[in-house]
Structures are given as C-alpha cells and as structure tokens.
Amino acid sequence: MYGNDFSGEDAPGGLLGEVEAAEAALRAAAERDRGAAGPGEDLAAYFAQVIDADQKIEPRDWMPEAYRRTLIRQIAQHAHSEIIGMQPEGNWISRAPSLKRKAILLAKVQDEAGHGLYLYAAAETLGISRDELVDLLLNGRQKYSSIFNYPTLTWADVGAIGWLVDGAAIVNQVPLCRCSYGPYARAMIRVCKEESFHQRQGYEILHVLAHGTPAQKAMAQDALDRWWYPSLAMFGPPDGDSTHSAQSMAWKIKRFSNDELRQRFVDMCVGQAEVLGLTIPDPDLRWNDERQAYDFTQPDYAELMQVISGNGPCNRERMAHRRHAHTEGAWVREAAAAYAAKQKNKEKVAA
Ligand SMILES: [Fe+2]
Ligand SMILES: [Fe+2]
C-alpha cells in the first residue's frame, strides 16, 4: 500500500496530476498571446502584461531588479538545499540494510545532486555565476533548508526523510511548476517527478519497518516523532511573520502562502500515517469539520529561527563537510576548465 501518497483531491491524479497539468499549462503559455505585440517603450508595463497573461518571463526579457534578486535568492537557496541535503542520507549509503536498499538510496542521493545542478543552471540564467553562488553558500551569506541540520540517527530516519522531507518538498514545489520565471518552472517539473519517487521510497521503508518486529516498529515511530515538527517548519514562518510572501505572490513566483502549504501537507500525511500504523506526535491533531481540514500543533518557530541562524544540531558539521568537499574537488574544477580551454583553442585553430 504505497499508492496513497498523493491523495490530493484538488486535481485528478493528486499532486503528480498537478505536475502534469502544469506541464501542459507551460506549453499553452508559450503559445498564448501576451496581449501586446512586444515590449515597445514601456518595459515595466510589458513585464506586468506577461505576468498577468500567465505567460513566462524568460532570461532574454527585461525584469525588475527586485524580481531578479528575489529569484536568485530563492533558486540559490533551493539549489544549496539539494546539495547539502545529500549529507544526512549519504551518511546511510554504506550502512543501508541490503544491496537493493543501497542501490535505491544511492540513486536517490544522486538525484538530489542533479536537482542542485539544474537549479544552479536556472539561477545562472539570471546573471550570476555558479562560482559566486557556491561562494555565497560557503561564506554563509546564502542559506539552505533548515531541515538538513538535523541528524539521521537510525535507518528509519532515511524512511522518514523520504516520506516527510521529500513529501513536504513536493507540496512546496508543485505550485512552483507554475512559477512565472520559465527556467525555474521547467526545472521544477522534472524535479517534482523525481521527488515523487523519493517520497515513495521513504514511505516504503517506513511501511516495511512499521510492519516488522516490535523493535523495528518502535524505530519507525521514533523517526516520525523526531522528524514531524522539523518537517512542518520546512514551510517557513507563519504567514504573519513571513517577509517575502506578498511581493512573491504578486509576481506569481509563489502561489500559496506558507500556512496554506503547511495545512495541505498535514492533511495529506494523516491518512498516510494511519496506513503505516504510526502515530503523528500531536495530541491536538483532529479533523475540523467546519474548516474541512485538520487542526494541528504548530512547530516551534523559535527553534526554526535558531536553526536558520546556524545553531541547529548539525549546522557546523554540514558546512564543514561541504567546505572540505569543495577544497578536495578543486583539482576536478581545474581539470575541467583546462579541458574546456583546450577544446576552445582547437576550435579556433580549426576555424
Ligand atoms: Fe531534490
Ligand atoms: Fe528528493
């Protein structure tokens, strides 16, 4: 019973159905009339028209400087999260309980590296280089998702990450498939399809443990207990405290508020936890008939702020590991640059 992971009723086929619909909308947007022949004199008015018509802004288009900066910040943060996010699970590759589990986890962690690369490439279309982006991460001026600063203590944590962390990522990212910036929207479609596999593999790990020995079930429950609230915190601060939301909504970068997405995630997880036979660690979780949604306890936002500001359980370890990998990889970058220069020179000689 792994097929209930996308039980959203808003679109046929659940969240993956929404990704398919967004993909179709992206194609339709490319053909839609922008309501104006071209940019003409007034670039800002043309930009607004493109956004209004639900068309895509492309790298060649004029865009407000703040729009560009917002997207760089958001896409970079997303790319960094994919790369740092390889660490907590990478930690279990050599200890996965079977060859099959090892192969699946290896593929999943490689996917995350791929997500990081598409996203760095998308950010580069906004006029910032990959080197600059990596520097901004390494010197702490750009952030990555708070969730990856929690430790993976047991094998069940790998299941909990797939189910809850990749699950929360999908809920966040499906609306980004309709983001107004073309390269980001297109990257998100592929990323969401791969994330759905990640979510299923995590759910399946927990399902096996939850139906195993009492010790295995207890391990699965313990992982849920530790990952539940940090996963809820992944949606960011509550709407009242969220600084970037209103403008991002107006630009159609963001389509739903943090609280709306968090609610959607909770509503999705409750039935899935029941199928697992595990208990979500929230005594106040209950169906609210009036709201047609679950009431739930909010995560500890003070803890979220602490983790974001560098004081989570593993922040220092994650950054130290990333810096070490960057230094160790210097020769690969140098070799790649030397090879590219050689190829360019060959072309020149041939011409
Ligand atoms: Fe990913
Ligand atoms: Fe993932």
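Everything here concerns the structure above.
A quick note: this is a predicted structure, and the numbers were derived from the prediction, not measured.

1. Looking at the overall build of the protein
Next up, step 1: Secondary structure summary: the protein contains 14 helices and two strands in total.
Next up, step 2: Relative to the 2.2 N^0.38 estimate, which gives 20 Å for 351 residues, the radius of gyration of the protein is 21 Å and therefore close to what a compact globule would have.
Next up, step 3: If you line up the protein on its principal axes, its C-alpha atoms span 70 × 55 × 35 Å.
Next up, step 4: Here the protein holds 351 residues, and the buried ones make up 50% of them.
Next up, step 5: Long-range contacts, defined here as pairs at least 24 residues apart, represent 77% of the contacts in the protein between residues at least 6 apart.
Next up, step 6: Split by element, the accessible area of the protein, about 16,900 Å² in all, is 56% carbon and sulfur.

2. A few points about the coordination of the iron ion (ligand 1)
Next up, step 1: Every protein donor of the iron ion (ligand 1) is listed here as Glu-82 (OE), Glu-112 (OE), His-115 (ND1) and Glu-195 (OE), and their distances to the metal cover 2.0 to 2.2 Å.
Next up, step 2: The coordination sphere of the iron ion (ligand 1) comprises four donor atoms, whose angles at the metal cover 84 to 145 degrees; the geometry is irregular.
Next up, step 3: Taken in sequence order, the residues that donate to the iron ion (ligand 1) follow the motif E-x29-E-x2-H-x79-E.
Next up, step 4: Separating the iron ion (ligand 1) from the iron ion (ligand 2) is a gap of 3.3 Å, which Glu-112 spans by donating to each of them.

3. Focus on a negative patch on the surface
Next up, step 1: On the surface, Glu-124, Asp-131, Glu-132 and Asp-135 cluster together to form a negatively charged patch.
Next up, step 2: With three residues, helix H6 (residues 130-138) is the largest single contributor of residues to the negative patch.
Next up, step 3: If you trace the backbone, Asp-131 turns up in helix H6.
Next up, step 4: The class of Asp-131 is exposed, set by a relative accessible area of 54%.

4. Points about the coordination of the iron ion (ligand 2)
Next up, step 1: For the iron ion (ligand 2), the protein coordination sphere consists of Glu-112 (OE), Asp-166 (OD), Glu-195 (OE) and His-198 (ND1), at 1.9 to 2.2 Å.
Next up, step 2: The site at the iron ion (ligand 2) holds four donor atoms, and with the angles between them running 86 to 163 degrees, its shape is irregular.
Next up, step 3: Mapped onto the sequence, the donors of the iron ion (ligand 2) take the spacing E-x53-D-x28-E-x2-H.

5. Here's the deal with H6
Next up, step 1: Those residues of H6 that fall on the buried side of the exposure criterion are Leu-133, Val-134, Leu-136, Leu-137 and Leu-138.
Next up, step 2: In this fold, the buried residues of H6 make contact with helix H3 (65-84), helix H5 (99-124) and helix H13 (315-328).
Next up, step 3: Gly-140 sits one or two positions beyond H6 and adopts a positive phi of about 80 degrees.

6. Focus: the environment of Ala-246
Next up, step 1: Relative to the assigned elements, Ala-246 resides in helix H10 (residues 245-250).
Next up, step 2: On a C-alpha basis, the gap between Ala-246 and Ser-257 in space is 8.7 Å, while along the polypeptide they are eleven residues apart.

7. Details of the packing of helix H7 (residues 155-173) against helix H8 (residues 182-210)
Next up, step 1: Direction vectors running N to C along H7 and H8 enclose 145 degrees, while the axes themselves pass 7 Å from each other. For the pair H7 and H8, the crossing hand works out as left-handed.
Next up, step 2: A per-class count over the contact of H7 with H8 returns 13 nonpolar, nine polar and two charged.

8. As for the side chain of His-78
Next up, step 1: With respect to the secondary-structure elements, His-78 resides in helix H3.
Next up, step 2: Residues within four places of His-78 in sequence aside, it is in contact with Leu-119, Gln-173, Tyr-184 and Met-188.

9. Examining the packing of helix H9 (residues 214-233) against helix H11 (residues 258-276)
Next up, step 1: Running from N to C, H9 and H11 cross one another at 150 degrees; their axes reach a closest spacing of 9 Å. Looking at the two axes, H9 sits roughly antiparallel to H11. Mapping the contact onto sequence places Trp-228, Ser-231, Leu-232 and Ala-233 in H9 and Arg-262, Phe-265, Val-266 and Cys-269 in H11.
Next up, step 2: By residue class, the composition of the contact of H9 with H11 is six nonpolar, one polar and one charged.

10. Focus: the packing of aromatic side chains
Next up, step 1: For the structure shown, the criterion picks out nine aromatic pairs.
Next up, step 2: With a centroid separation of 5.5 Å and an interplanar angle of 85 degrees, the aromatic rings of Tyr-67 and Trp-251 are classed as edge-to-face. Of this pair, Tyr-67 sits in helix H3 while Trp-251 sits in the loop between H10 and H11, and the two are 184 residues apart along the sequence.
Next up, step 3: Judged by its relative accessible area of 0%, Tyr-67 is buried.
Next up, step 4: For the ring pair Trp-163 and Tyr-203, a centre distance of 5.9 Å and an interplane angle of 65 degrees mean the geometry is edge-to-face. With Trp-163 in helix H7 and Tyr-203 in helix H8, this pair connects stretches of sequence that are 40 residues apart. The pair formed by Trp-163 and Tyr-203 is uniform in burial state, with each residue classed as buried.
Next up, step 5: Joined through ring pairs, the aromatic side chains of Phe-47, Trp-62, Tyr-67 and Trp-251 make up one cluster.
Next up, step 6: Directly above the aromatic system of Trp-92 lies the positively charged group of Arg-95, at a separation of 3.9 Å from the ring centroid.

Reading the values: the criteria
Residues numbered from 1 in each chain as written. Chains lettered and ligands numbered in written order. Predicted model: local features only at pLDDT ≥ 70, side-chain atom pairs only at ≥ 80, totals over all residues. Heavy atoms only, no water. Helix = DSSP H or I, 4+ residues; strand = E, 2+ residues; numbered from the N terminus. Rg over C-alpha atoms; globule rule 2.2 N^0.38 Å. Buried < 20%, exposed > 50% of the residue type's maximum accessible area, 1.4 Å probe, protein only. Contact = heavy atoms within 4.5 Å. Areas by Shrake-Rupley, 256 points an atom, 1.4 Å probe, with all protein chains shown as cover. Donors = N, O, S within 2.8 Å, 3.2 Å for Na, K, Ca; no water. Tetrahedral: all angles 85-135°; square planar, octahedral: opposite > 155°, others 65-115°. Patch = residues over 30% accessible without salt bridge, like charges linked within 9 Å, V, L, I, M, F, W, Y side chains within 5 Å. Salt bridge = Lys/Arg side-chain N within 4 Å of Asp/Glu carboxyl O. Lys, Arg positive; Asp, Glu negative; His and termini not counted. Charge placed at Lys NZ, Arg CZ, Asp CG, Glu CD. Axes fitted to C-alpha atoms, helices over the stretch in contact; angles between N-to-C directions. Left-handed = near helix turned anticlockwise from the far one by under 90°. Nonpolar A, V, L, I, M, F, W, Y, C, P; charged D, E, K, R; others polar. Parallel < 35°, antiparallel > 145°, perpendicular 65-115°, else oblique. Phe/Tyr/Trp six-rings, centres within 6.5 Å; stacked < 30°, edge-to-face > 60°. Lys NZ or Arg CZ within 6 Å of the ring centre and 35° of its normal.

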